[in-house]
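Fold and contact review
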Amino acid sequence: MLNTIGDFFSACGITEKLQGILMLYKNILFLLFITMLTIACSGKRKNQSKNSVDYTSIQSLSAAHRHLTTKDSSNSSCELANLITGWLILASADNSPALMDELFRVTGSGCVKTIKTSGCIKDLYNYINSLADRCSKIDESRGEDIKTFSIWYSRMRQKWDVEFFKTTEKLLKSSLRVHTALVMIASIEHAARITKAMPHAERLNSFIRMAGFQCPSSAGVWDFSPGGIFTDFKGDISGCIPHCSEISRELFSYPRRRREFISKCSYTEIPLAKFEDMKYIAPDNWLFFKSLHYANKILTIMEKSKDPLAFAGSRLIKKANDTLKDMKVTLSFQTGDEKEPDTATVPLSPAALTVPVSTFFIHVNSSGNLSYGLRPVFTVKDRKIIGDYPGKTISRNLEEGVSSFLYHQNLKSSPVLMLDENIKSDVLVNILKIMKKSGISTVEIGLRNTSHMVRTFLGNLTEHRNPEKELLITVAPGLISVTSEHPQVKDIPFKTQSTFDFSSLRVYLEKLKWKKKISLPVIIKLEPGVKWKTAGRIIGYIYTNTSGRKLFENITFLIKPLSE
């Protein structure tokens with residue numbers, strides 16, 4: 001039997017000189033292996049110190065807990081509180097029953113096998129707060145951070161309001177900075193995952209509602225209810241409306257604020273890809289851009305952190321990044337104003353209740369020039385806006401342009417009509433006639449709510465009437481009238497000699513709805529010569545009352561056939 005490598009060499013007829021060379025090569029390979037192993041281990045220590053905890057391992061967490069509880073010192077209480085809160089965050093984010101079971105066991109709550117009650121949760125937070133009290137004896141600031149985090153995570157997080165976000169900013173500068181960032185990253189991932197699964201038309205509002213970090217809808221600053229209002233909020237509004245350090249005036253008018261932002265601020269502050277994209281700063285687009293910017297800020301905090309909790313949360317960080325990657329969000333329309341002639345300044349109206357659905361639009365500015373195209377889409381990965389608004393301009397006359405657009409796009413539903421408030425009703429009626437001829441029965445018209453966010457009014461199209469089963473509302477220059485052959489309405493018609501007597505119209509309609517209990521479909525007949533601004537407001541008065549309650553929701557435009 002060959003007992004040594006030398007015997008093997010001799011048996012093979014290999015000389016001693018060659019043997020030496022081969023042995024040297026073997027030693028070099030061994031040293032290289034040791035060096036690579038050392039580098040790998042030091043690389044791991046770069047992310048995790050030798051005394052750090054593996055938050056994903058039950059054994060490691062339990063051992064760290066035992067180690068810290070054997071030290072009867074206030075300092076160990078600070079470390080133990082950090083351990084327990086980090087443990088709780090990861091167990092919740094990973095939805096890990098095993099991690100949560102062990103957490104409840106070591107903290108003495110008495111809960112087993114993931115059967116949790118409100119009492120068990122309360123015991124856990126009492127345990128954390130008791131650690132905070134002990135920690136405060138040697139480090140008052142750190143103990144206060146732990147108490148604040150406990151309240152923020154257990155109570156404030158459910159409200160997602162102004163107080164929650166103010167406390168978030170405070171905690172992101174505290175000793176529990178990484179813990180706070182990890183909680184927010186879990187929220188980012190959740191919001192992005194649900195948003196990506198939604199239809200394009202719903203994604204913008206979805207992300208803002210679930211991840212509107214700087215100005216949540218529940219904060220009472222921006223109201224994302226269907227009508228929407230901009231309240232007289234006296235707190236910090238820098239996250240809610242376009243703002244930069246160069247703006248010193250308190251401008252609550254959104255169009256004025258938007259103009260000042262575009263003239264004084266940098267597009268990189270949002271950030272956008274190029275200056276031309278500033279035209280997309282509509283209220284809800286702004287909140288989306290800023291919310292996304294905030295999400296990136298939180299992710300950056302975690303990616304740069306060397307804290308073991310950040311290392312343990314790397315899977316969640318990657319998951320959030322992967323979920324956001326290539327997320328495409330259809331943007332809201334530009335609101336426009338009188339100083340931007342290429343846009344359509346759409347009317348303010350209480351009828352602006354529905355989020356636009358169609359991906360196509362037709363745009364008519366104050367000069368009557370028609371444009372069309374796809375609604376702009378924002379790609380999260382590269383921060384690029386795809387598509388252009390107001391799109392391609394049609395040089396031929398309006399009627400031919402609409403017919404050509406509908407024919408070539410082969411639309412089965414209405415494009416969103418974005419019509420300038422100063423055009424006359426004749427333009428709208430002509431477009432509606434062409435749409436009806438093309439087989440479209442429902443129209444989606446862009447209007448602004450009081451928060452200057454573009455929402456749509458959904459109306460039907462018809463060429464026929466049923467006088468006994470509907471209310472006919474005629475709108476003409478200097479005239480609004482309501483008539484019907486319905487027995488309860490026939491003898492009490494309504495007529496005003498002013499196109500602007502909106503309050504009288506609403507009082508009459510409320511009387512029909514609430515006192516006489518009449519809920520008939522409404523047919524609107526638009527006569528030539530009425531400004532779309534006026535007609536849009538009248539539709540709002542038909543649709544809702546002053547408190548926002550619905551009056552007559554089933555509204556149809558009466559249009560004559562193209563041959564007439």
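Residues numbered from 1 in each chain as written. Predicted model: local features only at pLDDT ≥ 70, side-chain atom pairs only at ≥ 80, totals over all residues. Heavy atoms only, no water.

Turning our eyes to something else, we now look at the packing of aromatic side chains. With the rule as written, the count across this model stands at 19 aromatic pairs. Relative to Phe 557, the ring of Phe 457 lies with its centre 6.1 Å away and its plane at 85 degrees, an arrangement referred to as edge-to-face. With a gap of 100 residues between them, Phe 457 in strand S9 (residues 454–462) and Phe 557 in strand S14 (residues 555–558) connect regions that are remote in the sequence. Phe 557 carries the same exposure label as Phe 457, and that label is buried. Put simply, the rings of Phe 149, Trp 152, Tyr 153, Phe 164 and Phe 165 pair up and form one aromatic cluster. Lying across the ring of Tyr 153, Arg 157 places its NZ or CZ 4.0 Å from the centre. If you follow Arg 549 out to its NZ or CZ, it ends over the ring of Trp 514, 4.1 Å from the centre. (Phe/Tyr/Trp six-rings, centres within 6.5 Å; stacked < 30°, edge-to-face > 60°. Helix = DSSP H or I, 4+ residues; strand = E, 2+ residues; numbered from the N terminus. Buried < 20%, exposed > 50% of the residue type's maximum accessible area, 1.4 Å probe, protein only. Lys NZ or Arg CZ within 6 Å of the ring centre and 35° of its normal.)

With respect to the secondary-structure elements, Ser 174 resides in the loop between helix H8 (162–171) and helix H9 (177–196). A polar contact of 2.6 Å, which involves the side chain of Ser 174, links it to the backbone oxygen of Leu 171. A distance of 3.1 Å separates the side chain of Ser 174 from the backbone nitrogen of Leu 176, its partner in a polar contact. (Polar contact = N/O pair within 3.5 Å; in protein donor to acceptor, adjacent residues only side chain to side chain.)

As summarised here, the arrangement of the three strands in space is S1-S4-S5, forming an open sheet in which the pairing is antiparallel. At either margin of the open sheet sits one strand with a lone partner, and together these are strand S1 (328–330) and strand S5 (384–386). When the angles between neighbouring strand axes are averaged without regard to direction, this sheet yields 25 degrees. Both strand S4 (residues 377–379) and S5 contribute to a ladder of three bridges, which runs antiparallel. What sits directly across from Phe 378, in S5, is Ile 385. (Pairing = 2+ DSSP bridges. Axes fitted to C-alpha atoms, helices over the stretch in contact; angles between N-to-C directions.)

Summarising the model, the chain shows a mean pLDDT of 80, and 81% of its residues fall at 70 or more. Every residue in residues 1–15 scores below 50 in pLDDT, and together they form 12 contacts with partners more than four places removed in sequence or on other chains. Predicted confidence is poor over residues 24–50, with pLDDT under 50, and the contacts of this stretch with residues over four places away or in other chains come to seven contacts. (pLDDT = per-residue confidence, 0-100. Contact = heavy atoms within 4.5 Å.)

Here the focus is the environment of Glu 102. Among the structural elements, Glu 102 can be located in helix H5 (residues 97–106). Of the residues examined, Glu 102 reaches a relative accessible area of 14% and is grouped as buried. Considering only alpha carbons, one finds Glu 102 and Leu 61, 41 residues apart in sequence, at a separation of 9.0 Å. When sequence neighbours within four positions are dropped, the list of residues in contact with Glu 102 reads Ile 58, Ser 62 and Trp 87.

A few words now on the state of the cysteines. Evaluated as defined, the whole model comprises two disulfides. Here Cys 78 pairs with Cys 135 through a disulfide, and the sulfurs are 1.9 Å apart. Residues Cys 78 and Cys 135 share a disulfide whose torsion about the S-S bond is about 100 degrees; that sign makes it right-handed. Highlighted residues: Cys 78 in helix H4 (residues 74–93) and Cys 135 in helix H6 (residues 118–136), separated in sequence by 57 residues. Accessibility expressed as a relative area gives 0% for Cys 135, which makes it buried. The disulfide bridge from Cys 244 ends at Cys 265, spanning 1.9 Å between sulfur atoms. Taking the torsion about the sulfur-sulfur bond, which here is approximately -70 degrees, the covalent link between Cys 244 and Cys 265 counts as left-handed. Separated by 21 residues along the polypeptide, Cys 244 in the loop between helix H10 (200–211) and helix H11 (254–264) and Cys 265 in the loop between H11 and helix H12 (283–304) bring together distant segments of the chain. Here Cys 244 matches Cys 265 in class, with each residue buried. (Disulfide = S-S within 2.5 Å.)

Compared with the 28 Å implied by 1.5 Å per residue over 20 residues, the 28 Å span of H9 between its first and last C-alpha is a close match. Counting buried positions over the 20 residues of H9 gives 14, a clear majority of the element. (Expected span 1.5 Å × (residues − 1).)

Let's shift gears to the sheet that holds strand S2 (residues 360–364). In a beta sheet, neighbouring strands are held together by backbone hydrogen bonds and run either parallel or antiparallel to one another. Spatially, S6-S3-S2-S7-S8-S9-S14-S13-S10-S11-S12 is the arrangement adopted by the 11 strands of the open sheet, whose pairing is mixed. The open sheet has two free edges, formed respectively by strand S6 (392–393) and strand S12 (494–496), since each of these has just one partner strand. Where strand S11 (residues 479–483) lies against S12, three bridges are found, and the strand directions are antiparallel. Bridge pairing in S12 places Ile 480 opposite Thr 496. Contacts from helix H16 (residues 425–437) reach S2, strand S7 (416–419), strand S8 (442–448), S9, strand S13 (522–526) and S14 within the one sheet, and its direction differs from that of S7 by about 165 degrees.

Turning next to the pattern of salt bridges. By the definition in use, this model includes 14 salt bridges. Here Glu 260 ties to Lys 264 by a salt bridge, and the two come within 3.0 Å at their closest N and O atoms. Of this pair, Glu 260 and Lys 264 both sit in helix H11, separated by four residues, roughly a single helical turn. The class of Glu 260 is buried, set by a relative accessible area of 6%. (Salt bridge = Lys/Arg side-chain N within 4 Å of Asp/Glu carboxyl O.)

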